[in-house]
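A closer look at the structure
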Amino acid sequence: MDTTAKIYEDLDRILVTREEIRQAVEKLGRQITEDYQGKDLVMVCILKGASLFFTDLIREVDLPLSTEFMAVSSYGSGTSSTGVVRILKDLDRNIENRHVLIVEDIVDSGKTLYYLMQVLSQRHPASISIAALLDKPARRVVDLTTRYSCFNIPDAFVVGYGLDYDEKYRNLPDIGVLHPRIYQADDA
Ligand code: IMP
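Computed from a predicted structure; not experimentally measured.

1. Here's the deal with the layout of surface pockets
Computed from the structure, the second largest pocket encloses a volume of approximately 190 Å³. Lining of the second largest pocket is provided by Ala 24, Lys 27, Leu 28, Arg 30, Gln 31, Glu 34, Tyr 148, Ser 149 and Cys 150. The set of elements that each furnish at least two residues to the lining of the second largest pocket consists of helix 1 (18-35) and strand 7 (148-152). The element best represented in the lining of the second largest pocket is helix 1, accounting for 6 residues.

2. Quick word on the sheet that holds strand 7
Sheets are built from strands that pair by backbone hydrogen bonding, the pairs being arranged parallel or antiparallel. A sheet is described by the order of its strands in space; here 6 strands give the open sequence 4-3-2-5-6-7, paired in mixed fashion. Two strands lie at the open edges of the sheet, namely strand 4 (86-89) and strand 7, each paired on one side alone. Geometrically, the sheet is characterised by an average inter-axis angle of 30 degrees between neighbouring strands, direction not taken into account. Relative to strand 4, strand 3 (residues 66-73) runs antiparallel, the two sharing 3 bridges. Residue pairing for strand 4: Val 72 is matched across the bridge by Ile 87. Together, strand 2 (41-47), strand 3, strand 5 (99-107), strand 6 (127-135) and strand 7 form the strand contacts of helix 2 (residues 51-58), whose direction differs from that of strand 2 by roughly 155 degrees. Across the face of the sheet, helix 3 (residues 111-121) comes into contact with strand 2, strand 3, strand 4, strand 5 and strand 6 while running at roughly 165 degrees to strand 5.

Quick notes on the rules
Residues numbered from 1 in each chain as written. Predicted model: local features only at pLDDT ≥ 70, side-chain atom pairs only at ≥ 80, totals over all residues. Heavy atoms only, no water. 1 Å grid on protein atoms, 1.4 Å probe; cavity = no way out; pocket = protein on both sides within 12 Å on 5 of 7 lines; lining within 4 Å. Points joined across faces, edges and corners; volume = space filled by probe spheres on them. Helix = DSSP H or I, 4+ residues; strand = E, 2+ residues; numbered from the N terminus. Pairing = 2+ DSSP bridges. Axes fitted to C-alpha atoms, helices over the stretch in contact; angles between N-to-C directions. Contact = heavy atoms within 4.5 Å.

In structure tokens, the structure reads:
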């Protein structure tokens, strides 16, 4: 769909276009290919938000990597973190002595990834790093290092390209700021 589609009327503005995403994903794929040469790489998709980013990214990595999926819940239906992280689906395989790259949609407070890094580190991987599509540095409350991140964005609630509000808008090809009237209507 293009940006004249009806669903785009729920956005205040587009923040990152599909073309900017495509270029960033391609570049990141090349970087990962270079950095993980000769290593047993496991790329872990954090469901559901990172699903589109993940499937695009792995196709740009020229290595015989393996994929894993993990589901966690950090938010309810609101727009800010509760700080409570639950593992809804764990990895299928052992990651001991393997190089783990966690692929996440967005780092906001950092609490979700901080918790995940702790949980997965206890399983003795050879290394563990984070690749995030978006980063909101102004919102960080924990000390978290992301090895790769594609775009720094301002403190606004965004949807699209996998990111949701109340499970909706993941199907937008671009990333945009959700119009406040959408969640204000829900709060009322
Ligand atoms: P954190 O634990 O505060 O860093 O939040 C991380 C998770 O919150 C992400 O994986 C997203 O699922 C969700 N999240 C944070 N900011 C946004 C946003 O602007 N739009 C949609 N989801 C978000």
